[in-house]
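# Architecture and fold: a report
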Amino acid sequence: MKYIDIDKKDELAGRQVGEKDTFSFRCYPGIGCFNRCCRNLNLFLYPYDVLRLKNSLGISSDAFLERHVDAVLCPGNFFPEVLLRMSDNPEKTCPFLTDAGCSVYADRPDTCRSFPIEQGVQYDAARKKDTPIYFYRPPDFCLGQHEDDRWDVASWAKDQDARRYQQMTIRWAQFKRLFIDDPWGVEGPEGSRAKMAFMATYNIDRFHEFAFNSSFLKRYKVKTAVLKKIQSDDAELLKFGMDWVQLFLWGIKSKKMRLR
Ligand code: SF4
Ligand code: SF4
């Protein structure tokens, strides 16, 4: 997922695909390039990716972040990007790659799931509106692009069970856009507020503990129905976490909670 500058979108590599455009693609075990794409990647993980992967692996979000990611601050945004750490071998393979393919296939990240389509979000500042846009971007070595199966963006997303991921990624893009300006002030991006914001989005198990086993509920009045949902549904808790960060950093009101 990328935020797209409206004026520069035609300069990006790959072909933009509209709702009615179609593209060719098929990937299957046995294709000549099988598994070639799962190595030496700058694979960005969004919070929903982390949530699904840590559940798939049966480990805590703490353990997942410790074992599998590097967090980096990129120019132009004051919230860290989270990258999947590749294995320490000559080919720098994805840690989840096996000879039989992806070992976390049912919970593979949005980028892998949507491939060869990349989703961006175009923000129209005048209308304050986010619109998803899509690019078809198979690398040259990917033979899947020469297969006969034809798709459009919607049918591909349905086939790859990507809709939920794409919705969560758009919400994440809206959240990340707020960090174009520095919210940290003198504390900097290593300060306690930055750590809380990272926890509430990427470290969902810690945030669950914080929400239910600290003074959080004494300080915030949370709607009963919301409380029920976030207790048992990590994805709902993640959306709640984004709302909470927006509230505590910028005072952006949420329908889910308010300060007592
Ligand atoms: S390079 Fe393309 S066709 Fe080959 S395994 Fe990867 S996604 Fe599939
Ligand atoms: S998560 Fe799976 S699909 Fe994605 S790069 Fe790793 S092995 Fe490949």
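To keep things clear, this report deals only with the structure shown in the data block. (Residues numbered from 1 in each chain as written. Chains lettered and ligands numbered in written order. Predicted model: local features only at pLDDT ≥ 70, side-chain atom pairs only at ≥ 80, totals over all residues. Heavy atoms only, no water.)

The final tally for this structure, using the stated rule, is 27 aromatic pairs. Measuring from ring centre to ring centre gives 5.4 Å for Phe-25 and Trp-156, while their planes differ by 85 degrees; the resulting arrangement is edge-to-face. Taken together, the positions of Phe-25 in the loop between strand E3 (23–24) and helix H1 (47–57) and Trp-156 in helix H4 (residues 153–159) put the pair 131 residues apart, joining distant regions of the chain. On the basis of relative accessible area, Phe-25 is assigned to the buried category, the value being 3%. (Phe/Tyr/Trp six-rings, centres within 6.5 Å; stacked < 30°, edge-to-face > 60°. Helix = DSSP H or I, 4+ residues; strand = E, 2+ residues; numbered from the N terminus. Buried < 20%, exposed > 50% of the residue type's maximum accessible area, 1.4 Å probe, protein only.)

It is worth spelling out the environment of Cys-33 at this point. If you trace the backbone, Cys-33 turns up in the loop between E3 and H1. Relative accessible area serves as the criterion here: at 12%, Cys-33 is assigned to the buried category. Put simply, Cys-33 and Phe-141 are 108 residues apart on the chain and 7.1 Å apart in space, counted from C-alpha to C-alpha. Setting aside anything within four residues of it in sequence, one finds Cys-33 in contact with Phe-141, Cys-142 and Leu-143. (Contact = heavy atoms within 4.5 Å.)

Counting 52 residues, the largest nonpolar core has Leu-45, Phe-64, Phe-79, Phe-240 and Trp-244 as the members making the most contacts within it. If one sorts the elements of this core by residue count, helix H10 (residues 234–250) sits on top with 9 residues. Each of domain 1 (2–170) and domain 2 (182–259) accounts for three or more of the residues forming this core. Leave out the neighbours within four places in its chain, and Trp-244 touches Met-196, Ala-200, Phe-207, Phe-210, Phe-216, Tyr-220 and Met-257. Formed by 10 residues, the second largest nonpolar core is a distinct cluster that contains Val-17, Tyr-134, Val-153 and Trp-156. (Core = buried A, V, L, I, M, F, W, Y, C linked by side-chain atoms within 4.5 Å. Domains from an automatic or database assignment.)

The subject of this paragraph is the environment of Asp-110. Looking at the secondary structure, you find Asp-110 in helix H3 (residues 110–114). The class of Asp-110 is buried, set by a relative accessible area of 4%. Sequence separation between Asp-110 and Tyr-165 is 55 residues; the distance between their C-alpha atoms is 5.8 Å. Apart from the residues lying within four places of it in its own chain, the contact partners of Asp-110 are Tyr-46, Asp-49, Gln-119, Tyr-165, Gln-166 and Thr-169.

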